[in-house]
Amino acid sequence: MRITKVLLAAALAAGLSSPAFAAEKLKVVASFSVLGDLASEVGGDLVDVTTLVGPNGDAHTFEPSPQNAKALGEAAVLVENGLGLEHWMQRLVAASNFKGETVIASKGVEPRLWQGDADEAEELEKNADGKAIDPHAWQDPRNGILYVNNIVAGFSAADPAHASDYRRNGDALNEQLTTIHDRLAAEFGKLPEAKRRIVTSHDAFGYFGAAYDIQFIAPEGLSTEADVSAADVAKIVRQVKDEHIQAIFVENITDPRLIDQIARESSVKVGGELFSDALSPKDGPAPTYVKMFQNNESQLLAAMSGS
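Summary of the structure given here. (Residues numbered from 1 in each chain as written. Predicted model: local features only at pLDDT ≥ 70, side-chain atom pairs only at ≥ 80, totals over all residues. Heavy atoms only, no water.)

1. Here we look at the overall build of the protein
At step 1: A count of helical and extended segments in the protein gives eleven helices and ten strands.
At step 2: Going through the 307 residues of the protein one by one, you find that 48% of them count as buried.
At step 3: Look at the contacts in the protein between residues 6 or more apart in sequence, and 65% of them connect residues 24 or more apart.
At step 4: About 14,900 Å² of surface is accessible on the protein, with carbon and sulfur atoms providing 51% of the total. (Helix = DSSP H or I, 4+ residues; strand = E, 2+ residues; numbered from the N terminus. Buried < 20%, exposed > 50% of the residue type's maximum accessible area, 1.4 Å probe, protein only. Contact = heavy atoms within 4.5 Å. Areas by Shrake-Rupley, 256 points an atom, 1.4 Å probe, with all protein chains shown as cover.)

2. Digging into the sheet that holds strand S2 (residues 47-53)
At step 1: Taken in spatial order, the four strands line up as S2-S1-S3-S4 in an open sheet, and their pairing is parallel. Whereas interior strands pair on both sides, the edge strands pair on one side only; in this sheet they are S2 and strand S4 (101-104). Across this sheet, the average inter-strand angle for adjacent strands is 20°, counted without regard to direction.
At step 2: Of the strands in this sheet, strand S1 (26-32), S2, strand S3 (77-80) and S4 are in contact with helix H6 (residues 141-158), which crosses S4 at around 170°. (Pairing = 2+ DSSP bridges. Axes fitted to C-alpha atoms, helices over the stretch in contact; angles between N-to-C directions.)

3. A few points about the packing of aromatic side chains
For any pair of aromatic rings, geometry is given as the distance between the ring centres together with the angle between the planes.
At step 1: According to the stated counting rule, one finds nine aromatic pairs in the structure shown.
At step 2: On the numbers, 4.8 Å between centres and 65° between planes, the contact of Phe62 with Trp88 is edge-to-face. Linking Phe62 in the loop between S2 and helix H3 (66-73) with Trp88 in the loop between S3 and helix H4 (89-96), this pair joins segments that are 26 residues apart in sequence. Neither Phe62 nor Trp88 differs from the other in exposure class; each is buried.
At step 3: Cluster of aromatic residues (ring-pair linked, three or more members): Phe188, Phe205, Phe208, Tyr212 and Phe216. (Phe/Tyr/Trp six-rings, centres within 6.5 Å; stacked < 30°, edge-to-face > 60°.)

4. Focus on the environment of Arg168
At step 1: Within the secondary structure layout, Arg168 lies in helix H7 (residues 163-189).
At step 2: When the C-alpha atoms of Arg168 and Val42 are compared, they prove to be 8.2 Å apart, with 126 residues separating the residues in sequence.
At step 3: A distance of 2.7 Å separates the side chain of Arg168 from the side chain of Asp165, its partner in a polar contact. (Polar contact = N/O pair within 3.5 Å; in protein donor to acceptor, adjacent residues only side chain to side chain.)

5. A look at H3
At step 1: Where H3 is concerned, the buried positions are Asn68, Ala69 and Leu72. Down the axis of H3, the buried set is contained in an arc of 100°. They therefore lie on one face. Exposed and oriented more than 90 degrees from the buried face of H3 are Pro66, Gln67 and Lys70. (Arc of directions from axis to C-beta.)

6. Brief notes about the packing of H7 against helix H11 (residues 289-304)
At step 1: Their axes nearest at 11 Å, the elements H7 and H11 cross at an angle of 5°. Here H11 runs roughly parallel to H7, going by the angle between their axes. Residues Leu173, Gln176, Leu177, Ile180, Arg183, Leu184, Glu187 and Phe188 of H7 form the contact with H11, whose participating residues are Tyr289, Val290, Phe293, Gln294, Glu297, Leu300, Leu301 and Met304.
At step 2: Here the residues of the contact of H7 with H11 sort into eleven nonpolar, two polar and three charged. (Parallel < 35°, antiparallel > 145°, perpendicular 65-115°, else oblique. Nonpolar A, V, L, I, M, F, W, Y, C, P; charged D, E, K, R; others polar.)

7. Quick word on unusual backbone geometry
At step 1: Phi is positive for Leu83, which is not a glycine, with a value near 60°.
At step 2: Checked against the element boundaries, Leu83 lands in the loop between S3 and H4.
At step 3: Take Leu83: its relative accessible area is 12%, and that puts it in the buried class.
At step 4: Even without a glycine there, the phi angle at Asn97 is positive, about 60°.
At step 5: Its place among the elements puts Asn97 in the loop between H4 and S4.

Shown next as structure tokens:
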């Protein structure tokens, strides 16, 4: 018994900061890469984040695996977008028996309504009036601030001892997002209305467009699972020609062949790659939420400012 006490005392004296005595990190599961980054920024070294739909992944078409269910079952916090983006989440939560804190990152966002194809609207979440909702709210950095605040609140509820740390990290990130919004508003505000039209793969930039008065035209709807007809493509090609649209972009989560076809048939060069529903890998141009905006800003302005 004396030996055991001596060993325990020695271990404690050697430092409670050793791995054996270190406080366990808050286990967090985030539904897709944007939320995974925000959770990591808010949590810092205090959290261990597992992201279900990783870089360049498509949350619209994701199918959870048994490994995903296991990770969620062991987590203390789940961070999901809401607004109908993760149509598979309810099945995953049931399979995992998750009992932790759920953060709906989009809580408090004023949702955009979907004005497009009625058939696709059937698959989208509805508001109280039965109108279909666009789930891509993170594309407005002001909504990103709400996302951060919701994550801070969720982490603080699950781990009250570190609430001040989460708040400090969240405030620092929100300062960056405020700066980004101010810069985007100023830069895009300089462009004439005739240049405020963009063609992208699917309709993921509605919130961005509403924030900075830009019209985004997409052959696919809000989901990458939407079917695209030859008539849809022909309509966009005519619009590009008639309105002299000079900015056409591929997205990192979609097959570029459709955009390549539109660019070829309208004789307009593809401007570059935008990041919509997913971040890039760490060695790419948009590995974080902040850098996603920086990449998209530079790509869009370069194309839209041309003669």
